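So the chains spell out like this:
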Amino acid sequence: MLKNGVRLAALAFAVAGFVAPAAAEDAIRIGLITTLSGPPGYLGEDMRDGFKLAIDEEGGKLGGAPVELLVEDDGLNPGNAKQIAERMVRRDNAAILTGVIFSNVQPVVAPIALNNGRFYVASNAGPSPMAGAGCHENYFVSSWQNDAMHETAGIAANNAGYKKAVVMVPNYQAGKDAVAGFKRFFKGEIVEELYTQLNQTDYAAEIARIRSDKPDVVFYFLPGGLSINFLKQYGQAGLMGEIPIIAPMVSMEARILAGVGDAAEGIRATAHWNADLDNAANKAFVAAYRDAYKREPTPWAAQGYDAARLIASALKHTGGKVLDDADGFRAALREADFEAVRGAFKFAANQHPVQNWYLLEARKGADGKLSLATTQTIVEEHGDVYGAECKLN
Amino acid sequence: MLTGGMALHKPSRSQAGKNSRIMLLFIEQILNGLQLGVFLFLVSAGLTLIFGIMGVINLAHGSLYMIGAYTCATVSMASGSYWLGFLAAGLAAALAGALMEVILMRRLYRRDHLDQVLVTFGLILFVNEAVTMIWGRTPLFMDLPQSLSGSVEIVPGAPYPVYRLGVILAGLAGAVGLWFLISKTRIGMLIRAGSTNREMVSALGVDIDRLYTLLFAAGAVLAGLAGAFAGPLVSVQVGMGESILILAFVVVVIGGIGSVRGALVGAILVGLVDTLGRAFLRDFLGLFLPPAEAAGMGAALSSMGIYIVMALILVIRPKGLFPVVAGR
């Protein structure tokens, strides 16, 4: 009896699976492949919700054209991501793929879209190989080139007059890229490079070294929860007021701040977007996001929203055509004719962003609650160094 | 533009001053290693008990650790008292552990390890999703207990957080308590007897099922309390248990499966090797190698350090440092 019940339920699911995709036949399909499980799952959650918000605001459309958003979790596994991307492109006929969080997943997903004549809009990672010689006419990065947030940390350290820095990163490719990016602009001396293990929970050994080195500033790059571990322990060791920190925004945003609490007061971060940026699009976005999801927006949410709005602007130009007018859609994307929530935004020739970078500081507001406040513009219209190798245009 | 390359030369100061500074750093790092070790012991004690005595590989041990941390964070946030949260963490983990044992683990004692791994791996996914549904994905904030905030200067010039000293003391107290429970009490005797011959103990009129539920819950309490201890130090977030689980297994294997004494020695060994490796290996290699190579090799070797130690110990003593004689 029970077995029959289970079978019936399975059958019902199977039927539902067949019926569902047929619902929106003429809608443009957009495949959002992102990381929704495990510790970094919150990044994908914000990415998805930011993207969805833009669609919901138009009542299921982008730029006036009906769209259907397909969302899948890559589990931070390039193998999974590849299968999902192939399914979305071949079976579901998605015209645009987007949403990938991690730089080791994107080089697997993007080519599947590009090699099949579809578009890829990178809403988070912008790995360097695809910014230079590996650029592609259908590949657009609407977030940032990976090096930028580390480069701007180097500039911010110069601006603050720091001469001696300790850098700390996990011992893997993105960590080494972060150090390279920081060094590209930092004019002082790097007195120590500390390489940690990915998944390290205890930073006492590194913190003791930092104290002993007595640098002017610490630059570190640790994603998500690792950053919380480090900051809590740095605060407990009594160093937060002693040796200042400048971090890229991947190591300091609203969710990380919530996890660290008051110990984070005074930390500075580089970012291309912040909730307090003073422009109309951003104010509307922040209010709508808080209202829809009852939580603070992060850069990932803003990037999801901007990616959707970029796509919307191009759809508006082409009258809702993507693959039927690929040249027109591509040209319209390049125009980037939309009000980005981060403010001024345009594409360089390699179709990576040229944008402003800001210095944020964790400060207590009038209500006594800690939040990230924009304190200065580090650099205006910052692009990337790889564009020269790109043979587009 | 700066070229890559390590700044080797510390600011010039007198050799004696430099030596004493290095000595102080060394003492501080040993303390750090000890603290990490004791913390690892707290996490792995429950694991080794369940693994050694009941013969169950419980991958979901990390989930109990996470449940402890989340409960402690929530209750201490709501009540304003860390210690209330600490108690709640123990209770919640005990409850979760007992439920796990009664509903699932009880069916697995006679099955092989692969089945146990599959089921407890499934539990990890289940608990992670459940925690996401209850608490959301934003990491929880958790403060230090007031009484243990601040720092003391054990080593002059290097303030050491009182909380970390507290963790060392708590871990050592836990070790003594467990040793007493298992070696000196009637319950401990029954547990040891049950691990040797389950049927015989049962035939003597002891309710072995209840004993195992209790034991499993006790292991869960240890994991939950470790989570409560970890809360102020690390990020309280979904999946926090998995990052610590691998280290806990290394500790259990080095110490000898089922041996609490082994877990303590193994944990301190792992804590010291890991911390000192991260702190000094690069400088040590720098004595013979050019700086860039020393940096690269130092980072790579220190991340492998504990696994190399584990391999060496297993070559010499295949059953770990303190093999449990009774076995299963």
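Residues numbered from 1 in each chain as written. Chains lettered and ligands numbered in written order. Predicted model: local features only at pLDDT ≥ 70, side-chain atom pairs only at ≥ 80, totals over all residues. Heavy atoms only, no water.

**Regarding unusual backbone geometry**
All names here are of chain A. Applicable threshold: Secondary structure elements follow DSSP: runs of H or I of four or more residues count as helices, runs of E of two or more count as strands, with numbering from the N terminus. The cut-offs for exposure are 20% and 50% of the maximum accessible area for each residue type, with area from a 1.4 Å probe on protein chains only; residues under the lower value are buried, those over the upper are exposed, and the others partly exposed.
Phi is positive for Asn 93, which is not a glycine, with a value near 60°. Note on placement: Asn 93 falls in the loop between helix 3 (78-91) and strand 4 (96-98). Since its relative accessible area comes to 45%, Asn 93 is described here as partly exposed. The phi dihedral of Glu 381 is positive, around 45°, even though this residue is not glycine. Looking at the secondary structure, you find Glu 381 in strand 14 (residues 370-382).

**Focus on the state of the cysteines**
Residue and element names in this part refer to chain A. Just so we agree on the cut-off: Any two cysteine sulfur atoms lying within 2.5 Å of each other are counted as a disulfide.
The full count for this structure, using the stated rule, is one disulfide over all chains. The side chain of Cys 135 participates in a disulfide bridge whose partner is Cys 390; the two sulfur atoms lie 2.0 Å from each other. Judged by the sign of its S-S torsion, about 90°, the cystine formed by Cys 135 and Cys 390 is right-handed. Note that Cys 135 is positioned in the loop between strand 5 (119-122) and strand 6 (139-141) and Cys 390 in the segment after strand 14, a separation of 255 residues in sequence. For the pair Cys 135 and Cys 390, a shared accessibility class is recorded, and that class is buried.

**Examining the UniProt feature "domain: Leucine-binding protein" (unreviewed entry) in chain A**
Rule in force here: UniProt positions are given in the numbering used here, feature names are shortened, and annotations may be inferred rather than shown by experiment.
Residues annotated by UniProt as "domain: Leucine-binding protein" (unreviewed entry) correspond here to residues 28-365 of chain A. Secondary structure content for residues 28-365 of chain A is 41% helix and 21% strand, and the end C-alpha separation is 43 Å.

**Quick word on the environment of Trp83(B)**
Note the following rule: Contacts are assigned to residue pairs with any non-hydrogen atoms lying within 4.5 Å of each other.
By the element assignment, Trp83(B) lies in helix 3 (residues 82-103). Among all residues touching Trp83(B), those that are not within four sequence positions of it are Pro145(B), Ser147(B) and Leu148(B).

**Digging into the nonpolar core**
All names here are of chain A. Spelled out, the test is: Residues grouped as a nonpolar core are buried Ala, Val, Leu, Ile, Met, Phe, Trp, Tyr and Cys residues, joined through side-chain atoms within 4.5 Å. For each domain, the first and last residues come from an automatic or database assignment.
If you look at the biggest cluster of nonpolar residues, it comprises 129 residues, and the most contacted ones within it are Leu 62 and Phe 230. Examining the composition of this core, we find that eleven residues originate from one element, helix 11 (residues 299-318), more than from any other. Residue contributions to this core reach at least three from each of two domains, namely domain 1 (25-144 + 279-347) and domain 2 (148-271 + 356-382). Beyond its immediate sequence surroundings of up to four residues, Leu 62 is in contact with Ile 30, Phe 51, Ala 54, Ile 55, Val 67, Ala 308, Ile 311, Ala 312 and Leu 315.

**Structural notes on empty space enclosed by the protein**
For clarity, the threshold we go by: Put simply, the grid is 1 Å and covers the protein atoms alone, a cavity is a trapped set of points that fit a 1.4 Å probe, a pocket is an open set with protein on both sides within 12 Å along at least five of seven lines, and lining residues have an atom within 4 Å of a point. Grid points are joined across faces, edges and corners, and a volume is the space filled by probe spheres set on the points. Ten residues, namely Ala, Val, Leu, Ile, Met, Phe, Trp, Tyr, Cys and Pro, are considered nonpolar, four, namely Asp, Glu, Lys and Arg, are considered charged, and the remaining ones, Gly among them, are considered polar.
This model, assessed by the stated rule, comprises four cavities of 30 Å³ or more. One number sums up the size of the largest cavity: a volume of about 130 Å³. Surrounding the largest cavity, Glu193(A), Leu194(A), Tyr195(A), Arg209(A), Gly277(B), Arg278(B), Ala279(B), Arg282(B), Ala295(B), Gly298(B), Ala299(B) and Ser302(B) form its lining. Elements supplying a minimum of two residues to the lining of the largest cavity: strand 8 (189-196) of chain A together with helix 10 (260-285) and helix 11 (291-316) of chain B. Residue classes in the lining of the largest cavity are distributed as five nonpolar, three polar and four charged. As a volume, the second largest cavity reaches approximately 80 Å³. In terms of lining, the second largest cavity is formed by Ala204(A), Ile207(A), Ala208(A), Arg211(A), Gln233(A), Ala237(A), Glu28(B), Asn32(B), Tyr160(B), Pro161(B) and Arg164(B). Within the residue set of the lining of the second largest cavity, elements represented by two or more residues are helix 7 (204-213) of chain A together with helix 1 (15-54) and strand 2 (158-161) of chain B. Top contributing element to the lining of the second largest cavity by residue count: helix 7 of chain A, with four residues. In terms of residue class, the lining of the second largest cavity is made up of six nonpolar, two polar and three charged.

**A word on a nonpolar patch on the surface**
To keep things clear, this is the line we draw: Exposure above 30% relative accessible area and the absence of a salt bridge qualify a residue for a patch, where like charges join within 9 Å and nonpolar side chains (Val, Leu, Ile, Met, Phe, Trp, Tyr) within 5 Å. Here the open area of atoms and residues is found with the Shrake-Rupley method and a 1.4 Å probe, where only the protein chains shown may cover a residue. Only one rule defines a salt bridge in this text: a Lys or Arg side-chain nitrogen within 4 Å of an Asp or Glu carboxyl oxygen.
On the surface, a cluster of nonpolar side chains totalling about 330 Å² of accessible area is made up of Met23(B), Phe26(B), Ile27(B) and Ile30(B). As for its placement among the helices and strands, Phe26(B) is situated in helix 1.

**Here's the deal with the packing of aromatic side chains**
All names here are of chain A. We apply this condition: For Phe, Tyr and Trp, where Trp contributes only its six-membered ring, two rings pair if their centres lie within 6.5 Å, and the inter-plane angle classes them as stacked under 30 degrees, edge-to-face over 60, or tilted in between.
Evaluation of the coordinates by the stated rule reveals 24 aromatic pairs over all chains. Arranged with centres 6.0 Å apart and planes meeting at 20°, the rings of Tyr 120 and Tyr 139 form a pair that is stacked. In this pair, Tyr 120 is assigned in strand 5 and Tyr 139 in strand 6, connecting sequence segments 19 residues apart. One exposure class covers both Tyr 120 and Tyr 139, and it is buried. Centre to centre, the rings of Phe 285 and Tyr 289 are 5.7 Å apart; their planes meet at 45°, and the pair counts as tilted. On the criterion of helical spacing, the pair formed by Phe 285 and Tyr 289 is a turn pair, its members being four residues apart in helix 10 (residues 280-293). Among the residues examined, Tyr 289 registers a relative accessible area of 0% and is labelled buried. Ring pairs connect the aromatic residues Trp 273, Phe 285, Tyr 289, Tyr 293 and Tyr 305, which therefore count as one cluster.

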